Amino acid sequence: MSLPNDDNLSSHSQLSSHIFSDLLDSIIVDVASECHRIARLGLDRNLEEEEEELRLSAQARARVADPSNSGETNSKYVVDIFGQNHPPVASEVFECMNCGRSIMAGRFAPHLEKCMGKGRKARLKATRSSTAAQNRYSRGSPVSAYSPYSTSTSVNRLSNGTPSVAGEEYSNGTLEEP
Amino acid sequence: MSSRNPSYTSPNPCKHLADYKLKHGLNGYNLIQNYIKISPHGRTMIHKCKSETPICSFCSGYKGRLYICLICSSVSCCLSPDSNHALFHAQSQDGHEIAVDMERAELYCCICCDQVYDPDFDKAVMCKHILRLPRTENGFVGYCLRSSKRKRLSFGVDLNSKDAKRLVSMRDHRSKSCFPLGLRGLNNLGNTCFMNSVLQALLHAPPLRNYFLSDHHNHETCRKRSSERLCLPCDIDVIFSAVFSGDRNPYSPAQFLYSWWQHSEDLACYEQQDAHEFFISILDRIHEKEGKARNTIKENGDCQCIAHRVFSGMLRSDVTCMTCGFTSTTYDPCVDISLDLNTNTPSSTNLANKSIKLAENTGTTTLAGCLDLFTRPEKLGSDQKFFCQNCQERQDSLKQMSIRRLPSVLCLHVKRFEHSPIKKMSRKIDRHLQFPFSLDMSPYLSSSIVRKRFGNRIFAFEGDESDISTDFEVFAVVTHSGMLESGHYVTYLRLKNQWYKCDDAWITEVDKEVVRASQSYLIYYVQKVLSHQVSEDLSCVPVSPRGDAFVPIAGCC
């Protein structure tokens with residue numbers, strides 16, 4: 001039994017190199033065979049259309065990002081297609097269906113919350129079950145609890161930490177107190 | 001977008017294959033069936049002799065590609081361009097042109113030097129698969145032999161476009177006539193953009209719109225009949241009437257909000273909320289109300305309430321034991337599909353998917369990529385080992401989702417958040433998602449996914465007979481801008497091929513490009529046959545809403 005010397009090592013590495021390239025060739029032809037079948041049977045999606053979609057998407061993003069494009073101004077201050085102007089906070093006035101008072105549309109939700117006894121203070125008082133707490137969300141989060149099916153990537157839930165008002169605002173910058 | 005046949009096209013055989021079939025029929029296939037060996041992963045190979053490695057009968061070599069002749073079962077190698085003993089064999093022996101690739105059990109024509117296809121051969125391979133597979137929980141439901149004749153039921157379209165036109169136009173009395181009906185701003189009542197954005201999408205979902213506009217749920221008659229005073233479908237009907245009345249002043253959905261808060265205790269609060277959650281909540285409330293009011297369960301268990309008739313589809317989940325190949329299949333209904341964003345991690349299992357590679361190279365995330373991710377076989381973690389009934393123990397498993405039945409209106413929910421367990425916080429993913437205006441869902445159907453699992457053999461799989469077309473057109477996109485905790489929702493509507501931005505009370509016209517570049521959160525697609533995207537001439541026909549001119553629409557959406 002000879003000790004491993006340079007010759008043995010190089011023939012070993014040559015051998016493993018050969019085996020590796022055989023394996024690699026085999027895998028490459030496997031993939032080619034699979035793709036051949038997909039193409040011949042017409043199972044591949046229309047690649048040209050997809051390339052076109054990607055191109056359109058990239059073009060769109062470039063155009064929209066271009067600062068020289070007037071693009072979209074903050075549409076809260078523009079005239080809509082019917083030629084109408086609207087104030088940032090909806091000014092229509094109607095009667096609250098719970099208490100009968102006249103309320104301005106843009107402040108209806110906070111009013112209704114208190115009116116129906118569903119306000120933050122009302123909630124803090126009431127005893128809450130743990131499931132109710134789990135279902136509640138922190139504001140504005142694009143997070144959903146309603147997973148219609150379970151997948152292995154679990155549904156993300158944000159725990160509603162402090163029910164504080166800090167930072168709660170409209171996108172147009174007005175800060176609303178509930 | 002071409003309406004792609006969800007199934008395959010059987011390619012024409014080469015002359016040599018055709019001659020072979022004429023002479024030998026299925027004999028060779030039946031014999032080779034005995035040599036087929038299937039690994040637990042579903043890989044099909046030809047194994048001639050269990051104890052020996054196959055070698056070429058010419059050179060005794062084992063390198064290159066090995067082919068077994070269908071006539072004489074001799075094995076030849078192909079090491080092109082250096083040597084091609086398979087060709088040699090075919091040239092020296094008359095009639096021995098057709099062989100089978102031993103690595104993948106594919107037919108090969110040695111003279112054409114090309115892979116060829118024959119449905120009868122694929123059927124023989126599939127029979128072996130079926131016989132060898134342990135019974136699934138549902139028997140052989142997933143993999144049974146069926147005739148390849150496909151029924152084509154004409155899908156009961158809710159209304160043809162003439163009726164729809166009449167419906168939509170009859171309410172228009174005062175509209176500024178150059179703009180489509182049903183376009184009306186919704187006042188923000190205080191952090192209610194999440195609600196307004198989804199309402200705009202629902203108002204323009206063709207089957208839902210047609211249902212309410214044709215008085216299938218009349219809020220006046222309903223209140224009289226029902227003892228309960230709360231009826232969310234009634235409030236929705238009121239909104240439809242208001243929005244399609246022709247009045248263009250922004251509408252305040254206050255009654256609706258009040259009603260919804262009375263129905264949904266846990267969501268009733270003045271806070272920014274999640275639009276997707278709201279969408280699901282509304283469908284639940286409609287289902288509750290309609291489920292009680294009528295006998296809404298058909299024999300096959302499908303709920304017939306309008307929410308489900310429009311949005312409900314069926315998902316299939318296959319869990320496969322990696323040791324023995326036993327697959328357990330379950331079906332679950334769904335009203336939408338939540339998709340994880342396909343971030344740029346190249347996947348080694350997606351070698352054959354050209355478009356993913358293309359997108360990843362250009363650094364974009366695409367809807368097709370997300371759908372592929374959704375239907376990709378996924379190895380369940382070692383903490384989620386599945387109890388295999390065949391092996392009678394917990395084994396590593398692969399899970400794969402697919403769509404068994406598509407809904408009329410498909411809502412795709414983009415999960416734009418990621419949770420870091422380390423930092424114990426979530427953040428929003430602002431990454432742009434490319435989505436097509438025309439979407440073909442056929443690659444994600446159960447029939448396509450199952451077929452792919454078996455090597456795309458030409459075989460009639462269950463679910464090939466599909467009543468519903470797989471072509472969809474986008475009609476509404478709900479977008480979100482801002483952060484996880486506070487942001488703003490805006491909906492883009494596509495009416496008669498023009499896009500409109502619905503930002504609470506403000507309705508403006510926008511370019512397609514703005515929509516393409518937007519940050520989509522909920523994308524609503526409708527089956528192409530139900531959409532009315534071609535330009536129509538909506539001439540006002542003075543028809544009374546409940547007059548006889550109406551064709552009674554039974555059993556439609």
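Residues numbered from 1 in each chain as written. Chains lettered and ligands numbered in written order. Predicted model: local features only at pLDDT ≥ 70, side-chain atom pairs only at ≥ 80, totals over all residues. Heavy atoms only, no water.

## A short note on the overall build of chain B
Helix and strand content of chain B: 16 helices and 26 strands. Within chain B, the proportion of its 557 residues that are buried is 59%. Taking the intrachain contacts of chain B between residues at least 6 apart in sequence as the baseline, contacts between residues at least 24 apart amount to 69%. Of the roughly 23,300 Å² that chain B leaves accessible, carbon and sulfur atoms contribute 51%. (Helix = DSSP H or I, 4+ residues; strand = E, 2+ residues; numbered from the N terminus. Buried < 20%, exposed > 50% of the residue type's maximum accessible area, 1.4 Å probe, protein only. Contact = heavy atoms within 4.5 Å. Areas by Shrake-Rupley, 256 points an atom, 1.4 Å probe, with all protein chains shown as cover.)

## A look at the environment of Arg61(A)
Note on placement: Arg61(A) falls in helix 2 (residues 47–65). Among the residues examined, Arg61(A) registers a relative accessible area of 36% and is labelled partly exposed. Contact partners of Arg61(A), with chain neighbours within four places excluded, come to Thr364(B), His432(B) and Ala517(B).

## Considering the packing of aromatic side chains
Residues and elements named next belong to chain B. Enumeration according to the criterion identifies 19 aromatic pairs over all chains in this entry. Judged by centre distance (6.1 Å) and plane angle (55 degrees), the rings of phenylalanine 194 and tryptophan 260 are tilted. Of this pair, phenylalanine 194 sits in helix 6 (residues 193–203) while tryptophan 260 sits in helix 10 (residues 254–263); the two residues are 66 residues apart in sequence, bridging distant segments of the chain. Tryptophan 260 matches phenylalanine 194 in its accessibility class, with the two residues each being buried. Relative to phenylalanine 240, the ring of phenylalanine 212 lies with its centre 4.9 Å away and its plane at 15 degrees, an arrangement referred to as stacked. In this pair, phenylalanine 212 is assigned in helix 7 (residues 206–213) and phenylalanine 240 in helix 9 (residues 232–243), connecting sequence segments 28 residues apart. Judged by relative accessible area, phenylalanine 212 falls into the buried class, the value being 1%. (Phe/Tyr/Trp six-rings, centres within 6.5 Å; stacked < 30°, edge-to-face > 60°.)

## Brief notes about the pairing of strand 16 (residues 397–405) of chain B
Residues and elements named next belong to chain B. Here 8 bridges tie strand 9 (residues 313–321) to strand 16, and the two strands are oriented antiparallel to one another. Paired with arginine 316 across the two strands is serine 402, which belongs to strand 16. In terms of strand pairing, strand 13 (residues 378–379) meets strand 16 through 2 bridges, oriented antiparallel. Across the sheet, the residue bridging to glutamate 378 is lysine 399, located in strand 16. (Pairing = 2+ DSSP bridges.)

## A short note on the sheet that holds strand 5 (residues 83–84) of chain B
Residues and elements named next belong to chain B. Spatial ordering of the open sheet is given by 5-4-3-6-7-8, a layout of 6 strands whose pairing is antiparallel. The sheet is open, and its two borders are formed by strand 5 and strand 8 (114–115), each paired with just one other strand. The sheet contact formed by strand 4 (residues 75–79) and strand 5 spans 2 bridges and is antiparallel. Within strand 5, the residue paired with cysteine 78 across the bridge is asparagine 84.

## Digging into the nonpolar core
Residues and elements named next belong to chain B. Membership of the largest hydrophobic core comes to 75 residues, with the highest contact counts inside it found for Phe311 and Tyr524. Ignoring anything within four residues of it in the chain, the contact list for tyrosine 524 reads Val198, Ala201, Phe279, Phe311, Val409, Leu410, Cys411, Glu473, Val474, Phe475, Ala476 and Val478. Counting residues in each nonpolar core, the second largest holds 34 residues, with Phe472, Val477, Val490 and Tyr492 among its members. (Core = buried A, V, L, I, M, F, W, Y, C linked by side-chain atoms within 4.5 Å.)

## Remarks on the sheet that holds strand 10 (residues 327–334) of chain B
All names here are of chain B. Sheet architecture is open: 4 strands sit in the order 10-9-16-13, paired in antiparallel fashion. Only two strands of the sheet have a single neighbouring strand rather than two, namely strand 10 and strand 13. On the sheet, helix 15 (residues 446–453) packs against strand 9, strand 10 and strand 16 and is oriented at approximately 145 degrees with respect to strand 16. (Axes fitted to C-alpha atoms, helices over the stretch in contact; angles between N-to-C directions.)

## Focus: a nonpolar patch on the surface
On the surface, Leu15(A), Ile19(A) and Leu23(A) cluster together into a nonpolar patch covering about 300 Å² of accessible area. On the basis of relative accessibility, which here comes to 52%, the residue Leu23(A) falls in the exposed class. (Patch = residues over 30% accessible without salt bridge, like charges linked within 9 Å, V, L, I, M, F, W, Y side chains within 5 Å. Salt bridge = Lys/Arg side-chain N within 4 Å of Asp/Glu carboxyl O.)

## Considerations on the confidence of the model for chain A
On average, residues of chain A score 69 in pLDDT, and 56% of them reach the 70 mark or higher. Contacts from residues 129–178 of chain A, a stretch scored under 50 in pLDDT, to residues over four places away or in other chains number 126 contacts. (pLDDT = per-residue confidence, 0-100.)

## With respect to the domain arrangement of chain A
For chain A, the assigned domains are domain 1 (8–64) and domain 2 (87–116). A separation of 60 Å is found between the C-alpha centroids of domain 1 of chain A and domain 2 of chain A. (Domains from an automatic or database assignment.)

## Overview of unusual backbone geometry
Phi at Gln392(B) takes a positive value of approximately 60 degrees, unusual for a residue other than glycine. Looking at the element boundaries, Gln392(B) is found in the loop between strand 14 (386–388) and strand 15 (393–395).

## Digging into helix 6 of chain B
Within helix 6 of chain B, 11 of the 11 residues are buried, leaving the element largely enclosed by the surrounding structure. Among the residues of helix 6 of chain B, Cys193(B), Phe194(B), Met195(B), Asn196(B), Ser197(B), Val198(B), Leu199(B), Gln200(B), Ala201(B), Leu202(B) and Leu203(B) are the ones counted as buried.

## Observations regarding the environment of His419(B)
Tracing the chain through its elements places His419(B) in strand 18 (residues 417–420). C-alpha of His419(B) to C-alpha of Gly313(B): the two residues are 106 residues apart in sequence and 28 Å apart in space.

## Considerations on the pattern of salt bridges
Going through the model one piece at a time under the given rule, you end up with 22 salt bridges over all chains. Note that Asp30(A) and Arg43(B) form a salt bridge whose closest N and O atoms lie 3.0 Å from each other. Of this pair, Asp30(A) sits in helix 1 (residues 6–40) while Arg43(B) sits in the loop between strand 1 (36–38) and strand 2 (44–46), on two different chains. For Asp30(A), a relative accessible area of 12% corresponds to the buried category.

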